[in-house]
Each structure stands twice: as C-alpha cells, then as structure tokens.
Amino acid sequence: MVKNMEKLAADFSADPEQTLPEAAVMEPAKSYREKKAKPLVKKIVQVMRSVYSAYLDISNKFTKLQTAYNRERSGNERLTNRLEEVLEENRELRIVAADFGRIKAVVGSEQVNAMIDRAKQQEQIEAEQKRAARRKHNREAR
C-alpha cells in the first residue's frame, strides 16, 4: 500500500504542465474535460483516499502501540516497586538472621533448636485448638 502511494505521489509530484497537458489546438473543452481532466481528478481522488486510508491504519496502529506501551510501562513500575519491597524485606531478614546467629553463638545451637522446637509445638497446639473451636462453632450454627 505504501509503495503504491509512493508511486502515485511520484507521478503527481512531477511538473504540473506534464501532469495536466495543455489543450490541443482546436480541441473542444468538453473533449479536454472528459479525456484529460476527469481521469486526472479521478487519479488524484484515488491517491487522496489511499493516503487517508493509510493514515487511519497508521493512526489505529499507533494508538494500539501506545496503549500496549503504557500497559507495559505500568507493569514495569509495579514490578520495580515490588522489587524494592522484596529487597528491603531481604535486608531486614539478613539483619534478623545475623541476630539469630549471634544468639546461637552465645546460648548454644542445641538450646536454641530446642526452644524453636518447643515454640513450634506450642503454635501447632494452639492452631489445633482454634480449628476445633471453629468446627464446634460451625456444628452449633447448623
């Protein structure tokens, strides 16, 4: 389509005298109009329609690309924000891990592991009690 438009543009960008020739001596106006002027006007209208159609296509493609670009940019901003959050959380966890390592060094690895196991067991017992209470509440509600 673009190549066709370029060809037509090249045809009509020539010297106007060559595009629309002078009337021949003794050529009637009606004959000149029908044989030379009208076909030229038809070609110009055709070129204008082609240009307008190409403009609409390009405009629609540009709008779609702009929308896609904005969507991707927004997604990248969200990912950047999430990355910053994760990096900050990572820094905080490294500090906690370093503190935990210090406690292990002072108290002893076995004692720390035993305390952790007791805390896990206590959490598990509490979670089981909550589940049982919820089941009891659900049965009573029925």
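Residues numbered from 1 in each chain as written. Predicted model: local features only at pLDDT ≥ 70, side-chain atom pairs only at ≥ 80, totals over all residues. Heavy atoms only, no water.

**Q** Honestly, the overall build of the protein in this entry has me stumped. Any pointers?
**A** Each helix and strand counted, the protein has four helices and zero strands in total. When the helices and strands of the protein are read in sequence order from the N terminus, they spell out α-α-α-α. With 142 residues in all, the protein has 8% of them scored as buried. For the protein, long-range pairs separated by at least 24 residues make up 35% of all intrachain contacts whose partners lie at least 6 apart in sequence. When the accessible area of the protein is evaluated, it comes to approximately 12800 Å², of which 57% is carbon and sulfur surface. (Helix = DSSP H or I, 4+ residues; strand = E, 2+ residues; numbered from the N terminus. Buried < 20%, exposed > 50% of the residue type's maximum accessible area, 1.4 Å probe, protein only. Contact = heavy atoms within 4.5 Å. Areas by Shrake-Rupley, 256 points an atom, 1.4 Å probe, with all protein chains shown as cover.)

**Q** Whenever I open this one, the packing of helix α3 (residues 29-107) against helix α4 (residues 109-141) confuses me. Can you help?
**A** A pair of packed helices can be characterised by two numbers: the angle between their axes and the separation between those axes. Two elements in contact, α3 and α4, have axes whose closest approach is 6 Å; the angle formed by their N-to-C orientations is 120°. Relative to α4, α3 is oriented oblique. Two secondary-structure elements touch here, α3 through F100, I103, K104 and V107 and α4 through S109, Q111, V112, N113, M115 and I116. (Axes fitted to C-alpha atoms, helices over the stretch in contact; angles between N-to-C directions. Parallel < 35°, antiparallel > 145°, perpendicular 65-115°, else oblique.)

In short, geometric facts, not functional conclusions.
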